[in-house]
Amino acid sequence: MAATDSAATLLCVVPPTLGMIWALKEFVWLRSIKLTGPNGEGLKEALTGGVSAGEVDKILKSMEEIASFISVGATAFLNKEYQYMVVYMIAFSCILFPLVGAPTCLAFNVGCITSCACGYIGMKVAVYANVRTAHEAWLDLQKGFNVALRAGSVMGFCLVSLGVFVLFGLLVLFRGVLFSDKASDAEDLYEALAGYGLGGSSIALFGRVGGGIYTKAADVGADLSGKNEFGIDEDDPRNPACIADNVGDNVGDVAGMGADLFGSFAEATCAAFVIAGSSYKVADGIAGNYPATLFPLLLSSVGIVVGLATMMVVGCIYKVNDVSKIEGALKGVLNISTVLQTPAVVALAYYVLPARFALDETFDNVTPEKCIASVLLGLWSGLVIGYATEYYTSHTYRPVREISETQRVSAATGIIYGLALGYLSCIVPTICIGITVAVAHTVAGMYGIALGALGMLGTLTMGLAIDVYGPISDNAGGIAEMSKLGAEVRRKTDALDAAGNTTAAIGKGFAIGSAALVSLALFGAFTVRAKIVSVDILDPWTFTGLLYGAMMPYAFSAMTMKSVGTAANDMVEECMRQLKLIFEGSAKPDYERCIAISTDASLREMIAPGALVIVSPLLGGVLFGKNCTAGMLSGALVSGVQLAVSMSNSGGAWDNAKKYIESGGLGPDHAKGSNAHKAAVIGDTVGDPLKDTSGPSLNIVVKLSAIMSLVFGTVIADHSGPTGGPFWL
C-alpha cells in the first residue's frame with residue numbers, strides 16, 4: 001500500500017515529538033537526582049581511599065562549587081560565541097538576500113538558530129549531568145554509567161528531533177506560502193531549502209573551531225604546566241587551568257560535535273531534496289510524488305524511533321557492574337541501533353517509494369531496492385568505520401600498546417609511531433566510503449550517495465548519546481579529583497572516561513565518513529544547479545581548482561593548530577606564574593583568568609579559518625568559473641577526508657597510550673610519573689589539537705565549501721564563461 005500525503009506528514013511529526021518527550025523525561029529524571037552522598041549501609045563501601053564520614057558534607061559542597069564553575073564558564077563562552085555568530089548571520093544575510101533571494105535567506109537563519117539551540121541544549125544538559133555522574137559513581141558504577149549515557153541521549157534526541165521537525169516545518173511553509181506544491185516548483189523550493197544546511201554548517205564551523213581552540217588551549221596548558229613541570233594532575237584543584245579544561249570538554253566536544261553532526265544531517269537531507277527536485281523534468285520523476293520526495297527526511301525521523309527502542313533494549317541487556325563491561329555496553333548501543341535500523345529502512349522504503357521512479361534521463365528506472373542498498377551500505381559502512389577507529393585508538397588493541405612501548409625510549413619514537421598509525425588508519429574508512437560511493441552511484445546516481453550519507457547518519461540519536469557520554473564522564477572524573485573523592489571513586493570515573501575516549505573516537509569516525517558522503521552529495525547537487533555535465537581534470541581551470549582545493553585543508557589545519565599553540569603558550573605562562581605562587585602558599589588558583597585566556601583566544605582565532613572556507617568557493621567560482629569551483633570541491637574532499645582521519649586517529653591513539661601507561665599497562669616501573677609517562681604526556685599534548693581541533697573541523701571544511709557552492713550555484717554559473725571557465729576570458 002502506497003503512503004498517502006497525510007501518512008508521510010505523520011511520519012515527519014510523530015517520531016520527533018516522541019523524541020522530544022523522551023528527552024524531556026530524561027532531563028526530569030536527571031533533575032530528580034539529589035546530591036546527598038552515600039548513607040546507611042552503603043557509606044562504608046562508598047567512602048574508600050581514606051575519606052571519612054565527617055568529610056561527606058565538605059566533599060558535596062566542593063562538588064557543587066566546581067560544577068558551578070564549569071557551568072558558568074561554559075555558558076559564558078557560548079553566550080559570547082553566539083554574539084559573534086549573530087553578527088555573522090546578519091552580515092551574511094545581507095549577501096544572501098540580494099543574490100539568492102528571501103526564501104534561502106530565511107532557511108539560512110532558521111538553520112543557524114536551530115544549530116545554536118541544539119548546541120546550547122546539549123551543553124546545558126552536559127554541565128548539569130557531570131556532577132551527578134560523579135556523585136552516582138561514588139555510590140555505584142552502574143548508576144554513574146546510566147547518568148552519563150541517559151544525559152547523552154538527551155542531546156541525541158533533541159538534536160535529531162529538532163532538526164527533523166524544523167526542516168519539515170520549513171518545507172510545509174515553502175510549499176504552502178512561498179512556492180506552490182506543483183512538481184515544476186520543486187526545484188526552486190528545494191534549492192531555497194538548502195539554505196537550512198548552509199546555516200547549520202556555518203554555525204558548526206565556528207562551534208568546532210572556536211570550541212576546539214578553547215578546549216585544547218586549556219588542556220595543553222594544564223598538561224604541560226601541571227604534569228610535566230610540577231608533577232600534579234591536570235585535574236588537581238591547584239592547577240589553574242583545570243576548570244578551563246573541563247569547560248572546554250563541553251563547548252568543544254558537546255556543543256561543537258552536536259553542531260557538526262546537525263550540519264551533516266541538514267546538508268545530506270537538503271542535497272537529496274535538491275537532486276530529487278530536479279526530476280520534475282522527466283517522466284515519472286520523484287518530484288511529483290510528495291511522500292516519496294520526503295524519503296530522505298523520513299530516514300532520520302524513523303531513526304528517532306529506532307533510538308528509543310535501542311535505549312529500552314540496552315537497559316535490559318547490559319549490566320555495567322564492573323569496569324570491564326563499560327566499553328562493551330557502549331558499543332552495544334551502536335550495534336543494537338544499527339541492527340534495528342536495518343529492517344526499519346527496508347519497511348520505510350517499500351512504504352513510501354513507488355515501484356519505479358526517475359531521477360533524470362540516465363537514472364530513469366530507480367526502485368526501492370536500489371535505494372535500500374544505498375542506505376544500508378552507508379549504515380553498515382559507518383559501523384565498520386567505527387570499529388576500525390576503535391581498533392586504532394583503543395589501548396585494548398595492539399596499535400596503541402605499540403606506541404606506549406616505544407614511549408619507554410623517548411617521546412619522539414612515540415610520535416613517529418602515532419603518525420604512522422594515523423596514516424595506516426585511513427585504509428579501512430577509504431575502502432568503505434569508496435564501496436558505498438561506487439555502488440550507490442551506480443544504482444541511483446548522486447541521489448544514492450545522499451541516501452548513503454543519511455544511512456550513515458541513521459543512528460545519529462545513539463551516536464550522539466555515546467559521544468556526549470565521553471565529555472560528561474571526563475568532567476565527572478575531573479570533579480571527583482578536584483573534590484578529593486576516594487581512589488576507588490576515581491578508578492570508576494577513570495574507567496568511564498577511558499571508555500568515553502574510545503566512543504568519542506568512534507564518533508569522529510562516523511562524522512568524517514558521513515562528511516565525505518555528504519560533501520559528495522552536495523557536490524552532485526551543485527553540478528545540477530550550476531548545469532555542469534561532467535568534471536574534466538584536463539580542463540586547466542578545473543585542475544587549478546583541484547590543486548587549490550587539495551591545499552585548503554592543510555592551510556586550514558595550519559591556522560587552527562597555530563592558534564592552539566599560541567593560546568596554549570599564553571596558558572602555560574599564566575599557569576607557571578600562578579603555580580609558583582600557589583606552591584609557595586602565597587596565592588590561590590585564579591580559574592577565571594585561565595578561562596578568559598581560552599575564551600579570548602578561541603573567539604579571536606576562529607575568524608581567519610572560517611573566512612578561508614566560506615569565501616574560497618564563492619570567490620573562486622565568480623572569478624574563475626564554475627569549473628574551478630568543481631575542481632576545488634573535489635580537491636578539498638579527497639584531501640580533507642584523509643587528513644581528518646589520520647589526524648583524529650593519531651591524536652586519539654596518543655591520548656589512550658598515555659592512559660594505558662597511567663593504568664599500569666607497562667608495569668610499575670613505567671607507571672604514572674615515570675619517564676615513559678612524561679613521554680606519553682608529550683605525545684598526548686601534540687595530538688590534542690589534531691584530534692579535537694583541526695581533525696574534526698576538517699569535516700566542516702569539506703561540507704561547508706560544498707554547501708556554499710550549492711547555495712550560490714546559480715550565481716557562480718552566471719559568472720562563468722560559455723565553457724565553464726572565467727567570464728573575463
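No experiment lies behind these values; they were computed from the predicted model shown. (Residues numbered from 1 in each chain as written. Predicted model: local features only at pLDDT ≥ 70, side-chain atom pairs only at ≥ 80, totals over all residues. Heavy atoms only, no water.)

Attention now goes to the overall build of the protein chain. Helix and strand counts for the protein chain come out as 22 helices and zero strands. In terms of overall dimensions, the protein chain has C-alpha extents of about 80 × 55 × 45 Å along its principal axes. Taken over 729 residues, the protein chain has a buried fraction of 64%. Residue pairs at least 24 apart in sequence account for 84% of intrachain contacts in the protein chain once pairs closer than 6 positions are excluded. On the protein chain, roughly 24,600 Å² of surface is accessible, and the fraction owed to carbon and sulfur atoms is 63%. Taking the average place of the 46 positive charges on the side chains of the protein chain and the average place of its 61 negative ones, the gap between the two points comes to 4 Å. (Helix = DSSP H or I, 4+ residues; strand = E, 2+ residues; numbered from the N terminus. Buried < 20%, exposed > 50% of the residue type's maximum accessible area, 1.4 Å probe, protein only. Contact = heavy atoms within 4.5 Å. Areas by Shrake-Rupley, 256 points an atom, 1.4 Å probe, with all protein chains shown as cover. Lys, Arg positive; Asp, Glu negative; His and termini not counted. Charge placed at Lys NZ, Arg CZ, Asp CG, Glu CD.)

Our focus in this paragraph is the packing of aromatic side chains. Counting across every chain of the model gives 19 aromatic pairs. When the ring centre of Tyr128 is taken as origin, the NZ or CZ atom of Arg132, which lies over that ring, is 3.9 Å away. In this structure, Arg175 packs its charged tip against the face of Tyr290, placed 3.9 Å from the ring centre. (Phe/Tyr/Trp six-rings, centres within 6.5 Å; stacked < 30°, edge-to-face > 60°. Lys NZ or Arg CZ within 6 Å of the ring centre and 35° of its normal.)

If you trace the backbone, Val528 turns up in helix H16 (residues 487–529). The class for Val528 is partly exposed, based on a relative accessible area of 30%. Linking Val528 and Gly713, residues 185 residues apart in sequence, is a C-alpha distance of 8.8 Å. Other than its neighbours up to four places away in sequence, Val528 contacts Glu187 and Ser278.

Examined against the element boundaries, Glu81 turns out to sit in helix H3 (residues 56–100). For Glu81, which is buried and forms no salt bridge, the nearest opposite charge comes from Arg208, at a distance of 11 Å. Once residues lying within four places of it in the same chain are set aside, the contact partners of Glu81 are Phe206, Gly207, Gly210, Gly211, Leu603 and Met606. (Salt bridge = Lys/Arg side-chain N within 4 Å of Asp/Glu carboxyl O.)

What follows covers the confidence of the model for the protein chain. The predicted coordinates of low-pLDDT regions are not to be read in fine detail. Per-residue pLDDT for the protein chain averages 88, and the proportion of residues at 70 or more is 96%. Averaged over each element, pLDDT in the protein chain is lowest for helix H2 (residues 42–46) (50) and highest for helix H13 (residues 411–424) (95). (pLDDT = per-residue confidence, 0-100.)

At a minimum axis separation of 10 Å, helix H17 (residues 540–584) and helix H19 (residues 607–624) run at an interaxial angle of 170°. The pairing of H17 with H19 is recorded here as roughly antiparallel in orientation. Contacts from Trp541, Tyr548, Met552, Ala555, Phe556, Met559 and Thr560 of H17 reach H19 at Ala608, Pro609, Leu612, Val613, Ser616 and Phe624. (Axes fitted to C-alpha atoms, helices over the stretch in contact; angles between N-to-C directions. Parallel < 35°, antiparallel > 145°, perpendicular 65-115°, else oblique.)

So, about the nonpolar core. Counting 227 residues, the largest nonpolar core has Leu149, Phe295, Ile326 and Tyr447 as the members making the most contacts within it. For this core, the leading source of residues is helix H7 (residues 242–277), giving 21 residues. In this structure, Leu149 is in contact with Met311, Val314, Leu330, Val333, Ala465, Ile466 and Tyr469, ignoring residues within four places of it in sequence. The next biggest cluster of nonpolar side chains, apart from the first, holds five residues, and it includes Tyr660, Ile661, Ala676 and Ala680. (Core = buried A, V, L, I, M, F, W, Y, C linked by side-chain atoms within 4.5 Å.)

Under the 1.5 Å per step criterion, the end-to-end length of H7 is 51 Å for 36 residues, consistent within 8% with the ideal 52 Å. Of all the bends found along H7, the most pronounced is centred on Gly256 and spans about 25°. Among the 36 residues that make up H7, 36 are buried, leaving the element largely enclosed by the rest of the structure. (Expected span 1.5 Å × (residues − 1). Bend = angle between axes of the 7 residues up to and from the residue.)

This brings us to helix H14 (residues 427–456). Taking 1.5 Å as the rise per residue, H14 with 30 residues should run 44 Å; its terminal C-alpha atoms sit only 18 Å apart, a clear shortfall. Along H14, the sharpest change in direction is near 135° and occurs at Ala444.

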